[in-house]
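# Descriptive structure summary
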Amino acid sequence: MQTQTVEFIRPIKPKTTLQRWSVEAVEELFKLPFTDLMFRAQQIHREHFDPNAVQLSTLLSIKTGGCSEDCGYCPQSAFHDAGVENRKMLEVSEVVRAAKAAQEAGADRFCMGAAWREPSKEDMESVVEMVKAVRGLGMETCATLGMLNDEQTEQLRVAGLDYYNHNLDTSPEFYGDIISTRDYQDRLDTLERVRKAGMHVCSGGIVGMGEDLTQRAGLVAQLANMEPYPESVPINNLVKVEGTPLADTADLDPLDFVRTIAVARITMPTARVRLSAGRQQMSDAIQALCFLAGANSIFYGDQLLTTGNPDVERDRALMDKLGMYPFADKP
Ligand code: SAM
Ligand code: DTB
Ligand code: SF4
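This text gives an overview of the structure that appears in the document.

Definitions and cut-offs
Residues numbered from 1 in each chain as written. Chains lettered and ligands numbered in written order. Predicted model: local features only at pLDDT ≥ 70, side-chain atom pairs only at ≥ 80, totals over all residues. Heavy atoms only, no water. Helix = DSSP H or I, 4+ residues; strand = E, 2+ residues; numbered from the N terminus. Expected span 1.5 Å × (residues − 1). Buried < 20%, exposed > 50% of the residue type's maximum accessible area, 1.4 Å probe, protein only. Arc of directions from axis to C-beta. Contact = heavy atoms within 4.5 Å. Near = heavy atom within 4 Å. Polar contact = N/O pair within 3.5 Å; in protein donor to acceptor, adjacent residues only side chain to side chain. Areas by Shrake-Rupley, 256 points an atom, 1.4 Å probe, with all protein chains shown as cover. Nonpolar A, V, L, I, M, F, W, Y, C, P; charged D, E, K, R; others polar.

## Some details on helix H4 (residues 121-136)
In a regular helix each residue adds 1.5 Å, so 16 residues correspond to 22 Å; H4 covers 23 Å between its end C-alpha atoms and thus fits that length. Buried within H4 are the following residues: Asp123, Met124, Val127, Val128, Met130, Val131 and Val134. Projected down its long axis, H4 shows its buried positions confined to an angular sector of 165°, all on one face. Looking at H4, the residues exposed on the side facing more than 90 degrees away from the buried face are Lys121, Glu122, Glu125 and Gly136. Looking at the buried residues of H4, the elements they touch are strand E1 (53-63), helix H3 (92-105), strand E2 (109-114), strand E3 (140-144) and helix H5 (150-159). Immediately downstream of H4, the backbone of Gly138 shows phi near 90°, a positive value.

## Focus on the site of ligand 2
Close contacts around ligand 2 come from Leu59, Pro75, Thr144, Asn165, Asn167, Pro234, Asn236, Phe299, Leu304, Leu305, Thr306 and Thr307, and that covers them all. In the model, a nitrogen atom of ligand 2 is placed 3.4 Å from a nitrogen or oxygen of the Asn165 side chain. A distance of 3.0 Å is found between an oxygen atom of ligand 2 and a backbone nitrogen or oxygen belonging to Leu305. Protein chains bury 88% of the 410 Å² of accessible surface belonging to ligand 2 in isolation. Residues that form the shell around ligand 2 fall into these classes: six nonpolar, six polar and no charged.

Here you go:
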């Protein structure tokens, strides 16, 4: 593991091999001159990864809309009127068809998302079949289904789930401004169960929700201080959806988004840092800066869950232009 020598990075728990990050230390990273921050991020990125390889995950919403949580950013919450229909869960055969198509298009990971607070017993039976079937295609599997209990994490592990996505979304201090139907500790408890069951953890958050710099740093510090930190860290730029409480939030300066990627890379050197939601609204130049800052994963395919994502052709063209390739095709 990289040893940090710069004075503002203070290991809090030297007995572990992990970096421990105070919120202040993370905030100091955010405040570095842009080129210094990028240089540090690139150095660390290149120590651990091929900087030209990008991991491609395709998302599928297996259960859309009507969610009983009130997350202020989310078009699928039953509390908001964002025009998202409450649909029933997809059939296993529909999921397999979508996974095959994603694999043929070049994705190596398939992530199944559901608009649930937590899955029911019956939901789990279908999800287990989906995970087994997608694993059977030779793809990495990921699911994001809300809170899980111990029995459910075990069911998913046995089914062959590789990653569980459960985002902390923001800092503990800002969380209550965005969600009132669950608390931060609920999120941490589920992540702990996923880890204990032996699956890889995918956890990140959303920026551009009106958080201040300390709160943005607080999210990164929370993630980086998990022991171990997540293997996969999605950084989402808020997609502002009409009808959600955050629809009119002021735009985040795109360079502040790039900074967030760089800070995630520096604080979690071996994680896959995913440039996640919000790419459709981003120029190629900003996406290129995100890759320079250490992003090495994207959602691939023209749909996220309910909102759009760049289509495969646009992403292939961008990768070609930048001389990047899917990490599975590494020469
Ligand atoms: N219901 C489950 C949960 O919340 O854990 C899984 C699905 S939920 C849609 C997965 C993640 O999508 C959320 O944690 C949030 O980070 C992200 N998300 C939802 N709406 C978003 C938006 N408008 N912009 C950016 N990210 C969003
Ligand atoms: C993550 O961090 N972002 C993805 C995935 N994990 C599940 C979801 C983004 C959702 C964007 C809004 C939508 O399409 O509904
Ligand atoms: Fe439900 Fe997840 Fe959306 Fe929150 S983010 S409303 S839990 S689907």
